[in-house]
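Coordinate inspection notes
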Amino acid sequence: MDKKFKIGKVSFSEEMPKESRQWLDHLVERLLLKELNLDPSIEAKLISYSTKSSGGTNGK
């Protein structure tokens, strides 16, 4: 089975609002988790932990 790769571009600015920075961090985390091919329950636990530790709305 051949794996298809996609290339994307993200611009980053130090002047980015805090919410945008958190969104970008979560996007990168989820992209990396998808590449690891983890069990969905483990992936969900990692995302949940990450959201709680970053102070996201799901972790309050």
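Notes on the structure follow.

What counts, and where the lines are drawn
- Residues numbered from 1 in each chain as written.
- Predicted model: local features only at pLDDT ≥ 70, side-chain atom pairs only at ≥ 80, totals over all residues.
- Heavy atoms only, no water.
- Helix = DSSP H or I, 4+ residues; strand = E, 2+ residues; numbered from the N terminus.
- Buried < 20%, exposed > 50% of the residue type's maximum accessible area, 1.4 Å probe, protein only.
- Areas by Shrake-Rupley, 256 points an atom, 1.4 Å probe, with all protein chains shown as cover.
- Lys, Arg positive; Asp, Glu negative; His and termini not counted.
- Salt bridge = Lys/Arg side-chain N within 4 Å of Asp/Glu carboxyl O.
- Contact = heavy atoms within 4.5 Å.
- Axes fitted to C-alpha atoms, helices over the stretch in contact; angles between N-to-C directions.
- Parallel < 35°, antiparallel > 145°, perpendicular 65-115°, else oblique.
- Left-handed = near helix turned anticlockwise from the far one by under 90°.
- Nonpolar A, V, L, I, M, F, W, Y, C, P; charged D, E, K, R; others polar.

Secondary structure assignment for the protein yields two helices and zero strands. Relative to its 60 residues, the protein shows a buried fraction of 12%. Here the protein has roughly 5,800 Å² of accessible surface; of this, 57% comes from carbon and sulfur atoms.

Relative to the helices and strands, glutamate 43 is located in helix H2 (residues 40–53). Lysine 34 provides the closest opposite charge to the buried, unpaired glutamate 43, separated from it by 6.2 Å. Not counting residues within four places of it along the chain, the set of residues in contact with glutamate 43 comprises Leu33, Lys34 and Leu38.

Let's shift gears to the packing of helix H1 (residues 18–36) against H2. Where H1 contacts H2, the two axes come as close as 11 Å, and the packing angle between them is 160°. One way to sum up the angle between H1 and H2 is to call them roughly antiparallel. As H1 packs across H2, the resulting crossing turns out to be right-handed. For the pair H1 and H2, the contacting residues are His26, Glu29, Arg30, Leu33 and Lys34 in the first and Glu43, Leu46, Ile47, Ser50 and Thr51 in the second. Taken together, the residues that form the contact of H1 with H2 break down as three nonpolar, three polar and four charged.

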